[in-house]
Amino acid sequence: MRLLLLLALLLAALPADALDLKGRSTQGGFLVGKTDPGNVVMLDGDSVPVGPAGNFVIGFGRDYKRVAEITVRSPNGTEQTLREPITPRTYDIQEITGVPQKYVTPPEEALARIAQDIQQVKVARSKMTPVAWFEGGFGWPVYGTITGVYGSQRVFNGEPRRPHFGIDIAAPEGTPVTAAADGIVTLAHEDMYYSGGTVIIDHGYGLNTTYLHLSRLAVSEGDIVRQGDPIGAVGATGRSTGPHLDVRLNWFQERLDFRLAAGEMFQRPQPLQ
Ligand SMILES: [Zn+2]
């Protein structure tokens, strides 16, 4: 009897439909959530942008901890916290010694330009558009050999560098690059210091993709694109050793793994002769 009473109290306090989550609870992954309109959602105590219909996305970075605390608070103050286990991953770490210093540190005169680039990218990735463009899924923007993966890190002369967050795909210069998913272009820059020709597409709820080292751009800021639309071409602009596309997935400023969203890369089927 007491058990039944306790159960009834629990059910009253935690409405079963207060939180619905789908996706991958892993480092580099993201969850797509839905709650009742008007509810506040928090991840580890920080508020998560929620659309007017109660939709939201939560992303987990490369080194995200083992458990995510996702809290939903209703307008009447009722609170529910879900402790979601996050699967950890291991990353490629490479030790490199004897690298000349000039390849490690940018020249003094480039610092102002680099700071400006970082600021522009940050603004483009801060947009909260409550449209679930990403729901149509993510496709590969170019087909080629994957030469760089998410999370890998080089240690130059004993000094750990920033981890690599993109997927590098080697392809001939000029190969068309297409939008990975539907969305709106929030940045189209011809020549950034590190990334050269750079495009950022907002796919809604903070999810965005970035395309680096482009030899030319085929879109402008504000353009609405569909998955598969051309947005530019493969190049080696910025600090790049050869023609390749570096494609990245982010949730606002958090870096996710594009490969988890796009799945395995299969070559386009060749037409029958
Ligand atoms: Zn890269």
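Summarised in this report is the structure supplied together with it.

Cut-offs and rules
- Residues numbered from 1 in each chain as written.
- Predicted model: local features only at pLDDT ≥ 70, side-chain atom pairs only at ≥ 80, totals over all residues.
- Heavy atoms only, no water.
- 1 Å grid on protein atoms, 1.4 Å probe; cavity = no way out; pocket = protein on both sides within 12 Å on 5 of 7 lines; lining within 4 Å.
- Points joined across faces, edges and corners; volume = space filled by probe spheres on them.
- Helix = DSSP H or I, 4+ residues; strand = E, 2+ residues; numbered from the N terminus.
- Nonpolar A, V, L, I, M, F, W, Y, C, P; charged D, E, K, R; others polar.
- Donors = N, O, S within 2.8 Å, 3.2 Å for Na, K, Ca; no water.
- Phe/Tyr/Trp six-rings, centres within 6.5 Å; stacked < 30°, edge-to-face > 60°.
- Lys NZ or Arg CZ within 6 Å of the ring centre and 35° of its normal.
- Polar contact = N/O pair within 3.5 Å; in protein donor to acceptor, adjacent residues only side chain to side chain.
- Contact = heavy atoms within 4.5 Å.
- Buried < 20%, exposed > 50% of the residue type's maximum accessible area, 1.4 Å probe, protein only.
- Pairing = 2+ DSSP bridges.
- Axes fitted to C-alpha atoms, helices over the stretch in contact; angles between N-to-C directions.

## Things to note about the layout of surface pockets
Using a probe with the size of a water molecule, rolled over the atoms, empty space left in the structure can be pinpointed.
Here comes step 1: In this model, the largest pocket occupies a volume close to 2,000 Å³.
Here comes step 2: Taken together, 45 residues make up the lining of the largest pocket; nearest its centre are His164, Tyr194, His213, Arg239 and Arg248.
Here comes step 3: At the level of elements, strand E8 (93-96), helix H2 (111-124), strand E9 (145-148), strand E10 (153-156), strand E12 (167-170), strand E16 (207-214) and strand E20 (244-251) are the ones that each hand at least two residues to the lining of the largest pocket.
Here comes step 4: Among the elements that line the lining of the largest pocket, the one with the most residues is H2, at 5 residues.
Here comes step 5: Here the lining of the largest pocket is composed, by residue class, of 17 nonpolar, 15 polar and 13 charged.
Here comes step 6: Approximately 160 Å³ is the volume attributed to the second largest pocket.
Here comes step 7: Along the wall of the second largest pocket there are 13 residues; nearest its centre are Leu43, Asp46, Gly59, Trp251 and Glu254.
Here comes step 8: For the lining of the second largest pocket, the leading source of residues is strand E4 (residues 46-48), giving 3 residues.
Here comes step 9: Along the lines of polarity and charge, the residues of the lining of the second largest pocket split into 6 nonpolar, 4 polar and 3 charged.

## Comments concerning the coordination of the zinc ion
Here comes step 1: Binding of the zinc ion to the protein goes through His164 (NE2), Asp168 (OD) and Asp246 (OD), at separations of 2.0 to 2.1 Å.
Here comes step 2: Along the chain, the residues donating to the zinc ion fall in the pattern H-x3-D-x77-D.

## Some remarks on the packing of aromatic side chains
Here comes step 1: A complete count under the given rule lists 9 aromatic pairs for this structure.
Here comes step 2: Every member of this aromatic cluster is reached through a ring pair, and the members are Phe30, Phe134 and Tyr205.
Here comes step 3: We note Arg62 situated over the ring of Tyr91; from NZ or CZ to the ring centre the distance is 4.5 Å.
Here comes step 4: Stacked on the ring of Tyr193, the Lys or Arg Arg239 has its end atom at 4.0 Å from the ring centre.

## Digging into the side chain of Arg248
Here comes step 1: With respect to the element layout, Arg248 can be found in strand E20.
Here comes step 2: There is a polar contact of 3.0 Å between the side chain of Arg248 and the side chain of Asp246.
Here comes step 3: Leave out the neighbours within four places in its chain, and Arg248 touches His164, Phe165, Gly166, Asn208, Thr209, Thr210, Leu212, Arg255 and Phe258.

## Quick word on the environment of Gly263
Here comes step 1: Among the structural elements, Gly263 can be located in the segment after helix H3 (258-262).
Here comes step 2: By relative accessible area, which is 25% here, Gly263 ends up partly exposed.
Here comes step 3: Remark: the alpha-carbon pair of Gly263 and Phe138, spanning 125 residues in sequence, is separated by 8.3 Å.

## Here we look at unusual backbone geometry
Here comes step 1: Within the chain, Tyr205 stands out as a residue other than glycine whose phi angle is a positive 55 degrees.
Here comes step 2: Mapped onto the elements of the fold, Tyr205 is located in the loop between strand E15 (196-202) and E16.
Here comes step 3: Of note, the phi angle at Phe252 is positive, near 50 degrees, even though the residue is not glycine.
Here comes step 4: Within the secondary structure layout, Phe252 lies in the loop between E20 and strand E21 (254-256).

## Re the sheet that holds strand E3 (residues 40-43)
In any sheet, the strands associate via hydrogen bonds between backbone groups, in a parallel or an antiparallel arrangement.
Here comes step 1: Across the sheet, which stays open at both edges, the 4 strands sit in the order E4-E3-E6-E7 with antiparallel pairing between neighbours. The open sheet has two free edges, formed respectively by E4 and strand E7 (79-85), since each of these has just one partner strand. The average undirected angle you get between the axes of adjacent strands in this sheet is 30 degrees.
Here comes step 2: Of the pairings in the sheet, the one linking E3 to E4 comprises 3 bridges and is antiparallel in character. Each bridged residue has a counterpart across the sheet, and for Val41 the counterpart in E4 is Val48.

## Concerning the sheet that holds E8
Here comes step 1: Within the open sheet, the 3 strands sit side by side as E8-E10-E11. Their pairing is mixed. Edge strands, defined here as strands with exactly one partner in the open sheet, are E8 and strand E11 (159-160).
Here comes step 2: Where E10 meets E11, 2 bridges bridge the pair, whose relative direction is antiparallel. Across the sheet, residue Val155 finds its bridge partner in E11, namely Pro160.

## Remarks on the pairing of E16
Along a regular strand, successive side chains alternate from one face of the sheet to the other.
Here comes step 1: Of all 8 residues in E16, 8 are buried, a share of seventy percent or more.
Here comes step 2: Pairing between E15 and E16: 5 bridges, direction antiparallel. Within E16, the residue paired with Ile201 across the bridge is Thr209.
Here comes step 3: The turn linking E15 back onto E16 is made up of 4 residues, and Gly204 within it adopts a positive phi angle of 100 degrees.

Everything listed here is a matter of geometry and, on its own, says nothing about what the molecule does.
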